[in-house]
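Chains, contacts and geometry: an overview
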Amino acid sequence: VNVTLGPKMQDRASPLSRSLTIDFLPGEQLRSLRTREISEQTVIAMYMNNRAVEALMRGKLDDAYAWASASLRQSPDFLSALNTLGIVYARRGHFDHAATAYQHVIRNDPLHTRAMANLADVYAKQGRKDEAAALYVTLARLEPEPPMHYFNQGMVAMQRGDFSSARDLFAREADRSGYSSDV
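Since this is a predicted model, take the numbers as computed values, not measurements.

Calculation criteria
- Residues numbered from 1 in each chain as written.
- Predicted model: local features only at pLDDT ≥ 70, side-chain atom pairs only at ≥ 80, totals over all residues.
- Heavy atoms only, no water.
- 1 Å grid on protein atoms, 1.4 Å probe; cavity = no way out; pocket = protein on both sides within 12 Å on 5 of 7 lines; lining within 4 Å.
- Points joined across faces, edges and corners; volume = space filled by probe spheres on them.
- Nonpolar A, V, L, I, M, F, W, Y, C, P; charged D, E, K, R; others polar.
- Helix = DSSP H or I, 4+ residues; strand = E, 2+ residues; numbered from the N terminus.
- Buried < 20%, exposed > 50% of the residue type's maximum accessible area, 1.4 Å probe, protein only.
- Contact = heavy atoms within 4.5 Å.
- Axes fitted to C-alpha atoms, helices over the stretch in contact; angles between N-to-C directions.
- Parallel < 35°, antiparallel > 145°, perpendicular 65-115°, else oblique.
- Left-handed = near helix turned anticlockwise from the far one by under 90°.
- Polar contact = N/O pair within 3.5 Å; in protein donor to acceptor, adjacent residues only side chain to side chain.
- Salt bridge = Lys/Arg side-chain N within 4 Å of Asp/Glu carboxyl O.
- Expected span 1.5 Å × (residues − 1).
- Arc of directions from axis to C-beta.
- Phe/Tyr/Trp six-rings, centres within 6.5 Å; stacked < 30°, edge-to-face > 60°.

What follows covers the layout of surface pockets. Size it by volume and the second largest pocket reaches roughly 170 Å³. Lining of the second largest pocket is provided by N49, V53, L56, M57, S80, N83, T84, I87, R91, H112 and R114. The class makeup of the residues in the lining of the second largest pocket is 4 nonpolar, 5 polar and 2 charged.

What follows is the structure, encoded as structure tokens:
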């Protein structure tokens, strides 16, 4: 998220009104990126969703629910927050609510692979094996190497004591994800 600082809307008629956009990446890296403007509500929703995910990571499901719900009140179309809310429902064992959340995300973004994977997992837990299998096939087609694929393989290699392979797999994940250690 880049930030644009400037005068209030009512002050923009002034010839002295200027805005300043702060990019968090060097200009040469920005040229190849897709960009779009987002509203302040979306930025707030993104922040709240990040807080929900942090709460999930700490096992604080009530806090995660509160943050994800607040995120959706801020920006009802922010699909990542709806996916997070689905995760909260699933962790609470409310699989029907979770499935509904994930289905809504997928209806609005048919390529949202995280919601698709989450829905497949919920279907599997509900015993809906055929529906889960169909989603797993679609996921494999859309995402032959899911996020963190090589990292996870590297962790397995480390557990086997194969540190050379682990190092190579971690490097491969870093290359694929565009991670740069000289930031």
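Text resumes after the structure shown.
It is worth spelling out the environment of R92 at this point. For R92, the position within the fold is in helix α4 (residues 79–92). Residues R92 and L61, spaced 31 residues apart in sequence, show a C-alpha to C-alpha distance of 7.8 Å.

All right, on to the environment of L85 then. With respect to the helices, strands and loops of the structure, L85 is situated in helix α4. Classification of L85 as buried rests on a relative accessible area of 8%. Taking the C-alpha atoms as reference, L85 lies 7.8 Å from A64; in sequence the two are 21 residues apart. In contact with L85, other than residues within four places in its own chain, are Y65, A68, S69 and L72.

A few words on the packing of helix α2 (residues 40–57) against helix α3 (residues 61–74). Close contact between α2 and α3 brings their axes to 8 Å; oriented N to C, the two are set at 165°. Judged by the inter-axis angle, α2 sits roughly antiparallel to α3. Read as a crossing pair, α2 and α3 show a hand that is left-handed. Between α2 and α3, the contacting residues are Q41, I44, A45, Y47, M48, N49, R51, A52, A55 and L56 on the first element and L61, D63, A64, W67, A68, A70, S71 and Q74 on the second.

Let's shift gears to the side chain of E173. Of note, E173 is situated in helix α9 (residues 163–177). From its side chain, E173 meets the backbone nitrogen of H149 in a polar contact 3.4 Å long. Only 3.0 Å separates the side chain of E173 from the backbone nitrogen of Y150, close enough to count as a polar contact.

Here we take up the pattern of salt bridges. Proximity of charged atoms lets side chains of opposite charge pair with each other. This model, assessed by the stated rule, comprises 6 salt bridges. Residue R51 pairs with E54 through a salt bridge whose shortest N-O separation is 3.3 Å. Here the residue R51 and the residue E54 both occupy positions in helix α2, the gap between them amounting to 3 residues, near one helical turn. For R51, a relative accessible area of 28% translates into the label partly exposed.

Moving on: helix α7 (residues 129–142). For α7, built from 14 residues, the straight-helix expectation of 20 Å at 1.5 Å per residue is met to within 8% by its first-to-last C-alpha distance of 20 Å. Inspection of α7 places A132, L135 and L139 among the buried residues, and these make up the whole buried set. Projected down its long axis, α7 shows its buried positions confined to an angular sector of 65°, all on one face. Of the exposed residues in α7, the ones pointing more than 90 degrees away from its buried face are K129, D130, V137 and R141. Looking at the buried side of α7, the elements it contacts are α6 (113–125).

Relative to the elements of secondary structure, S75 occurs in the loop between α3 and α4. A residue is classified by how much of its surface remains accessible, and S75, at 10% relative accessible area, is buried. Residue contacts for S75: discarding those within four places in its chain leaves Q41, T42 and A45.

Let us now look at the packing of aromatic side chains. All chains considered together, the criterion is met by 3 aromatic pairs. Summarising the aromatic geometry, the rings of Y47 and W67 are spaced 6.1 Å apart at their centres and angled 90° between planes, so their arrangement reads as edge-to-face. Placement of the pair is Y47 in helix α2 and W67 in helix α3, with a sequence separation of 20 residues. Look at Y47 and you get partly exposed, because its relative accessible area is 45%. Residue W67 is classed as partly exposed on the basis of its relative accessible area, which comes to 26%. For the pair F151 and F170, a centre-to-centre distance of 5.4 Å together with 35° between the ring planes defines the contact as tilted. Remark: F170 occurs in helix α9 and F151 occurs in helix α8 (residues 149–160); sequence separation between them is 19 residues. Overall, the relative accessible area of 32% leaves F151 in the partly exposed class.

Worth remembering: the numbers are spatial, not functional.
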